[in-house]
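Close look at the chain arrangement
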Amino acid sequence: MRRFGKTGARLLCAVFAFCLFLPATARAEDSGKPGTKTLSQIVLSVGDGQKAPVYKAGEKAQLKINVLNKGNADAENVTITPVIDNTEDWPFEIDQLNYDQDLGAIKAGSQASASWGSGDDKLTVRSDVTGKSYRLVFRLAYDDGDRAYETERYVFVKTEAKKGSSGEGGSGNSQGGSQTSGSSGVSGGSGGSGSGDAALAGDDGYAAVSNGDPVALGGDSSGSSDGSVPRVIVTGFDTDPGVVKAGNNFKLVIHLKNTSKKTAVTNMLFDLQAPASGEGEAAEAPAFLPVSGSSSIYLDRIPADGTKDISIDLNSRADLIQKPYSITMTMKYEDANATQFEGESSLAVPVTQDARFEFSKIQIMPDTVAVYEEANITCNLYNLGRVKMYNIKARFEGEAIEGQEQFIGNLESGATGTIDGIVTAAAESYDENNCRLVLTYEDDAGQEYTVEQPFTMTVTAEVEMGDMEVMTDIPEENGTPAGLIIAIAAAVAAAAGITAVILLKKRKRKLQSSEEEELMDEVERLTEDERRQP
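Just so you know, these numbers come straight off a predicted model, no measurement behind them.

**Quick word on a negative patch on the surface**
A cluster of acidic side chains, namely Glu93, Asp95, Asp120 and Asp121, defines a negative patch on the protein surface. Among the structural elements, Asp120 can be located in the loop between strand E7 (111-116) and strand E8 (123-124). Judged by its relative accessible area of 83%, Asp120 falls in the exposed class.

Here's what the structure looks like:
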């Protein structure tokens with residue numbers, strides 16, 4: 001019985017290990033499926049290295065957008081399409097049924113150009129453009145030969161109104177505002193010709209300023225003694241902090257200049273009005289409100305050819321979507337002859353929304369594994385913010401485990417994504433928070449962010465076959481399929497039956513052999529006795 005127990009135990013352990021190895025092998029093969037394999041990175045950006053063009057009202061122009069593949073894999077079947085949800089957001093006349101551009105394949109590190117209005121088929125700039133900057137959104141679709149992807153990028157372009165409608169000398173005088181540190185956006189300035197290129201907006205969008213002509217309201221309408229009209233323009237602005245986030249307070253500092261070389265302006269009153277924005281009851285509320293007091297600012301005097309700054313503390317509404325918001329600033333002032341003037345300027349202040357998301361409880365099955373064994377880890381990702389998350393990827397890391405990266409894709413606001421991966425235990429570990437879930441994603445400007453979520457996974461020492469004991473009870477693990485337990489139990493029972501049959505046959509043969517030997521001894525003894533008789 002002692003020999004039976006030792007032999008049976010070894011055979012039972014071997015069968016049990018083989019049964020456990022089968023599902024682990026299947027899981028290892030499944031790790032090559034598209035949802036769990038490591039994908040090469042494709043990152044497409046638009047407008048890199050290009051300057052913001054200025055399009056003049058009524059002119060024929062060309063729009064050219066560079067598309068750069070910053071990733072390490074080729075992008076196949078790339079198409080770029082302008083997203084025109086509102087014709088007021090598109091500075092050109094709508095004269096085509098389809099604006100799609102097919103760019104073919106873009107190799108890693110290379111770029112391609114999409115052009116609208118090339119050759120004789122020029123675009124026509126709308127005659128009613130007012131000199132403001134336009135945010136042009138483009139949808140990029142591509143694939144890696146296995147899966148299809150889609151993302152959105154945007155650029156900003158400038159416009160000039162018709163002569164005599166606004167700006168210095170009748171033409172538009174659009175000047176860029178300040179850029180925050182770290183921004184890759186376009187700085188202010190005069191821009192280029194109408195056939196220039198678009199520029200990529202930075203993380204905080206594009207800060208733009210537009211100035212109008214002053215109008216005499218009273219007094220001597222001829223203006224100053226030399227007949228010139230003193231103009232006060234906005235040359236730019238700063239925000240503190242540099243990036244305006246929805247729901248936060250910020251200080252708006254506006255830079256002013258008196259363009260007259262001879263006449264000072266006095267008794268100046270400025271009033272700032274932000275546009276209404278939102279849905280439902282909030283639709284009538286301004287995007288920005290003064291933190292305290294009113295939206296009016298008083299300034300005593302700006303000398304001839306002088307500059308001054310004014311500032312106001314504002315609060316941005318928490319429900320604002322991520323985009324630039326225009327602030328209209330009216331100004332009233334007088335010259336030395338008490339002639340009253342009124343002017344108007346517009347400031348485009350970009351507002352950003354932070355991505356907000358949460359992870360569900362991380363599920364590990366089984367929660368304890370030995371070295372070289374595998375475990376399945378799953379959890380959900382909830383996008384709780386107001387912005388879309390792009391190119392989401394997840395991987396499980398730690399000194400005790402090895403895993404592959406999983407591509408999740410894009411996640412809309414309010415949507416749920418699933419993270420499901422297989423890891424292999426690499427080293428024995430019992431520490432708390434010895435593993436982590438690493439999540440990377442991009443915002444709509446292509447800026448990449450990384451977040452880590454720690455979790456605990458117990459990894460025991462490697463199990464050797466020689467040290468395994470007979471397992472009389474099979475513990476039921478959380479989430480283990482009943483079919484698997486039944487299959488293992490059946491295999492163990494079958495193995496035990498086979499072992500018993502083999503051992504019984506051996507024992508029977510041994511008994512038969514022993515009986516035959518005793519019978520032969522008895523025959524020999526009888527024969528010897530017969531020989532001894534006289």
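The discussion continues.
**Structural notes on the sheet that holds E7**
Backbone hydrogen bonds are what pair the strands of a sheet, in a parallel or an antiparallel way. Pairing is antiparallel across the open sheet formed by three strands, whose spatial order is E1-E4-E7. Edge positions in the sheet fall to strand E1 (44-46) and E7, since each has one partner strand and no second. Here the strands of the sheet are splayed against their neighbours by 25° on average, with no regard to which way each runs. In terms of strand pairing, strand E4 (residues 63-69) meets E7 through six bridges, oriented antiparallel. Bridging from a neighbouring strand, Lys64 pairs with Ser115 of E7.

**What to know about unusual backbone geometry**
For residues besides glycine, phi is generally negative; the peptide bonds are generally trans as well. In this model, Asp240 is joined to Pro241 through a cis peptide bond whose omega is 5°. Note that the residue after Met365, namely Pro366, is joined by a cis bond; omega there is -10°. By secondary structure assignment, the location of Pro366 is in the loop between strand E25 (363-365) and strand E26 (368-370). Phi at Asn77 is positive, roughly 50°, even though this residue is not glycine. Structurally, the position occupied by Asn77 is in strand E5 (residues 75-82). Positioned with a positive phi, Asn391 is a non-glycine residue whose angle comes to about 50°. With respect to the helices and strands, the residue Asn391 is situated in strand E28 (residues 389-398).

**Structural notes on the pattern of salt bridges**
Scanning the model with the defined rule gives 14 salt bridges in all. Among the salt bridges present, the one from Arg139 reaches Glu152, with a minimum N-O distance of 3.3 Å. You can see Arg139 sitting in strand E9 (residues 133-143) and its partner Glu152 sitting in strand E10 (residues 148-160), a full 13 residues away along the chain. Among the residues examined, Arg139 registers a relative accessible area of 30% and is labelled partly exposed. Using a relative accessible area of 24% as the deciding quantity, one classes Glu152 as partly exposed. Here Arg436 and Glu452 are joined by a salt bridge, their closest N and O atoms 3.9 Å apart. With Arg436 in strand E32 (residues 435-442) and Glu452 in strand E33 (residues 448-455), this residue pair connects regions lying 16 residues apart in the sequence. Residue class for Arg436 comes out partly exposed when judged on its relative accessible area of 31%.

**A word on the side chain of Thr440**
The residue Thr440 is located in strand E32 in this model. Excluding anything up to four places from it in sequence, Thr440 contacts Asn391, Ile392, Lys393, Arg395, Tyr449 and Thr450.

**Description of the environment of Asn66**
Topologically, Asn66 is positioned in strand E4. Put simply, Asn66 and Gln111 are 45 residues apart on the chain and 6.7 Å apart in space, counted from C-alpha to C-alpha. For Asn66, the side chain forms a polar contact with the side chain of Ser113, separated by 2.7 Å.

**Here we look at the sheet that holds strand E21 (residues 307-316)**
Strand order in the open sheet made by the four strands is E15-E17-E21-E19, with antiparallel pairing throughout. Sheet topology places strand E15 (232-240) and strand E19 (288-290) at the edges, where each strand pairs with a single neighbour. Looking at each pair of strands side by side, their axes are set apart by 40° on average, direction ignored. With three bridges connecting them, E19 and E21 associate as antiparallel partners. Residue pairing across strands places Leu289 opposite Asn315, the latter belonging to E21.

The rules behind the values
Residues numbered from 1 in each chain as written. Predicted model: local features only at pLDDT ≥ 70, side-chain atom pairs only at ≥ 80, totals over all residues. Heavy atoms only, no water. Patch = residues over 30% accessible without salt bridge, like charges linked within 9 Å, V, L, I, M, F, W, Y side chains within 5 Å. Areas by Shrake-Rupley, 256 points an atom, 1.4 Å probe, with all protein chains shown as cover. Salt bridge = Lys/Arg side-chain N within 4 Å of Asp/Glu carboxyl O. Lys, Arg positive; Asp, Glu negative; His and termini not counted. Charge placed at Lys NZ, Arg CZ, Asp CG, Glu CD. Helix = DSSP H or I, 4+ residues; strand = E, 2+ residues; numbered from the N terminus. Buried < 20%, exposed > 50% of the residue type's maximum accessible area, 1.4 Å probe, protein only. Pairing = 2+ DSSP bridges. Axes fitted to C-alpha atoms, helices over the stretch in contact; angles between N-to-C directions. Contact = heavy atoms within 4.5 Å. Polar contact = N/O pair within 3.5 Å; in protein donor to acceptor, adjacent residues only side chain to side chain.

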